[in-house]
Each structure stands twice: as structure tokens, then as C-alpha cells.
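Coordinates in review
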Amino acid sequence: MDHIINHSFDAIPKSYLFSEVARRVAAFRAAHPESELIPMGIGDVTRPLRRPVIEALKKAAEEQAHADSFHGYGPEQGYDFLREAVLRHYAGFGVRLALEDIFISDGAKSDLGNLPDLFSENCVVLLPDPVYPVYRDSNLMAGRKVKYLAATRENGFAPLPGKDTRGDLVYLCSPANPTGAAYTREQLKLWVDWALASGAVILYDAAYECFIQDDLPHSIYEVEGARECAIEVCSLSKTAGFTGMRCGYTIVPHELAREGQNLHDLWLRRQCTKMNGVAYPIQRAAEAVFTAEGMAACKEDIAAYLRAAAIVADTLDELGVWYCGGKNSPYIWMECPKGLDSWQFFDALLEEAGIIGTPGCGFGEQGEGYFRLSAFSGEANARAAMERLRAWLQS
Ligand code: MLT
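Residues numbered from 1 in each chain as written. Predicted model: local features only at pLDDT ≥ 70, side-chain atom pairs only at ≥ 80, totals over all residues. Heavy atoms only, no water.

The protein chain is annotated in an unreviewed UniProt entry as LL-diaminopimelate aminotransferase from Candidatus Allofournierella pullicola. The record held by UniProt for the protein chain lists under Cofactor (unreviewed entry) the comment "pyridoxal 5'-phosphate". (UniProt positions renumbered as here; feature names shortened; annotations may be inferred.)

Written out as C-alpha cells, the structure reads:
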């Protein structure tokens, strides 16, 4: 044997993007303990869990203390009470799913990173650039070939398939992380038609669907034919503040098959082997998100994050800085001012204005010269950060 280590790790950056940002911020804090930094980097929620969720969590935790209501290992695809709630959520978009299509997970990141287990190592993976680095890193780690679709200002950061587009798997995220760009139904239909014609599979990340305010698709299954070519991944992290709870859902339609293999069956086989599900109290808390009371509370939080995004957007408009996103998305994707590259602007904002953001180049080569600000920090922080940015730009 000439080697025992997976040398494909050489193909990815040494640190995960948000770990690198955290490392640089920690070094700055250590050198400047008096600094008061405003966190607008990683998309982590700041508003606490809502009452219906907490009550469900407490009740389920108490159940675990009694022999007659104790739950051990749960059903492989998640409890039916939660899968039925997800089914009803999709019905709200006019999408009819079968219960068997729904898999409860510990969040979108793990499933997006693990779904490539279903596909050959020789698959060619298409990724928009810039892109959520999990798609890129997890495929490069597995030694797959990755090809990039430039997401640019010209195409509204929403690349579409052309006659020369070739690939076996394509990842789409709408509204997109990091740019906030969202596909229309007509645009998604182009991807679905392309995948049906070519035999490719779409891995669709809907983690930010709850931010959609305009008449845009919340699910790829709003497009006819998507069940035969797409897997959809979603999470309660952004919808309901579950980043610290860990719960999401993945839809693998039972119709989806390639080369005589049913992808739903393969995913079930994979999950049964490598995962033991999500904790019962967390699934009960997730169920509460989908009640009328739970959803109304989550919508208030989303509206508050969108108000924070609007504060950033209005300030950038006033300052004449180019940006997109922030409307159907918690992310604002801005051009780095003063001709700085992404990491230079990151350093300048951190050191001279005390604002933490995310350098656009961390999401891909096309992200160089751009910067992402997250509105999850909330309205007060957004307002304070924009005052600091205004002062910094005018200094
Ligand atoms: C981000 O900041 O891009 C997200 O928080 C990452 C994630 O959801 O894992």
C-alpha cells in the first residue's frame, strides 16, 4: 500500500471558512481585549427559541423521565408526528409529498455533506461559484471532480444551464448562500428540464426558504418533474432558530431512480447504517415549530432579521456601495469598497471598525472582491455596524 490517508484533503483549504474567520477574530480579540466587535459573519441566529418550542421541549424532556413515556431509539426516518408536520408545511406551498419521502435529520449541513455517498466517486459535480463551502469541500474530500458555474452580477448570481453544461450532480441553493439570489419558478424549470434530459441529479438546498417574501418558489417540487431529478434539503436552523438544537429534513422522492437504483432506498440504507436519528425532545420541539402558534412566532423573528437586513441595505444605498441580497434573504452580498480584496476588507473592517463579516473569496474564486454581512445579528447590531461603516468609509 503506498498510502493509507485520504490525500483528497490536500485539495481543500486547511480550515473550514467559518473556522478561519473565528481563528482570525480570536487572534484580534486576544491582542485587543477592550474591542467591542459586532458579529455579522457566520449566519448564526441570535433570537431565542419561542415559547411553543420551549414548552414542547420541556414536556418531551419530562416524558423521558418516566418508564411509561420514555423513548429510546426512534424510527429510522424520524417520528411520524414530525414528518406529518413537514408534509403539511409543504402542502402550504401546494406541494404534495408522500410521508415516506421525508427523512428527519440533524440539519442541512450534514445531509448536504453526506448525500454524495449515494453517488459514484467519478461523478462530475457542478457548483455555482460563489457557493456554501460545504458542497465544495465535501465533494473534494471524497476525490470528486468539481466544475464551477460562475454566479456573477451579469446573471444575477443565479447561473442557469446552457447547451454545454455537463455534470452528474448539481447543487442549487435558493435563496442562495452567500449572495441572497433566488431562482424564479421559470429558472428552476430550466434546471429541472436540464436534469431530466441529462440524467443528472439536483441537490437543492432550501435552508433559507422561510425568508422568501416575493412570489418565488419555496421548494423545487413546485416545478413539475422535480421529483424525478431532485433531492431537497431544509433545516429549522434559520426558520426557527434551531442552530443550537440541530433538526432538519431531507426529501428524497420515491420516484427518484438512476441506473435501476432507487435513491430513496439508498439514502434510507445509508442513514440506517450511519445515523441514529435526532433526539426525541428535539423532534417534539420541531413539531411545535409547525403549529399555527409556532409558525407565527417564527415569522416574527424572520421579519425582525429582515428589518436588520433592510438597515444594512438602506445604508449601503445611501453610501453608494453596490450590493445584492437582503430582501428574500438574511445575507447582504456587497462589493468591497476602496478597491480592497475580500480578506483586506475583512481585516480593515475588523481592525478599524470592529465589524466581523465573511470574505467573499471564501465562497469561491468569483467571490473575490465581495463581502457577506449577516443580518442574524439583529437590528440594534445592524444599526451600530452601519454607523461604524459610514464613519470608516468617510474617514
Ligand atoms: C453561514 O454562515 O453560511 C451558515 O451559518 C452556515 C451554515 O448554515 O452552516
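The next subject is the site of the ligand. Taken together, the neighbourhood of the ligand is formed by Phe18, Ile42, Gly43, Tyr132, Asn177, Tyr208, Lys238, Tyr331 and Arg372. For the ligand, the protein covers 84% of the area, taking 270 Å² as the surface of the free molecule. Class assignment for the residues of the shell around the ligand results in five nonpolar, two polar and two charged. (Near = heavy atom within 4 Å. Areas by Shrake-Rupley, 256 points an atom, 1.4 Å probe, with all protein chains shown as cover. Nonpolar A, V, L, I, M, F, W, Y, C, P; charged D, E, K, R; others polar.)

Our focus in this paragraph is the state of the cysteines. Following the criterion strictly, the structure yields zero disulfides and no others. Of the cysteine sulfurs around Cys210, a residue in no disulfide, the closest is that of Cys234, at 7.2 Å. (Disulfide = S-S within 2.5 Å.)

The element strand β12 (residues 331-335) is largely enclosed, with a buried count of four among its five residues. Here strand β11 (residues 323-325) runs beside β12; their pairing, made up of three bridges, is antiparallel. Note that in β12 the partner of Gly325 across the bridge is Ile332. With five bridges connecting them, β12 and strand β15 (residues 370-374) associate as antiparallel partners. Counted as the bridge partner of Met334 is Phe371 from β15. (Buried < 20%, exposed > 50% of the residue type's maximum accessible area, 1.4 Å probe, protein only. Helix = DSSP H or I, 4+ residues; strand = E, 2+ residues; numbered from the N terminus. Pairing = 2+ DSSP bridges.)

We now examine the packing of aromatic side chains. The full count for this structure, using the stated rule, is 24 aromatic pairs. Measuring from centroid to centroid gives 5.7 Å for Phe345 and Trp392, while their planes differ by 55 degrees, and the two rings are tilted. Placement of Phe345 in helix α11 (residues 342-353) and of Trp392 in helix α12 (residues 379-394) is noted, with a sequence separation of 47 residues between them. The class for Phe345 is buried, based on a relative accessible area of 0%. An aromatic cluster is defined as three or more aromatic residues linked by ring pairs; in this entry it consists of Tyr16, Phe18, Phe157, Trp322, Trp333, Phe363 and Tyr370. (Phe/Tyr/Trp six-rings, centres within 6.5 Å; stacked < 30°, edge-to-face > 60°.)

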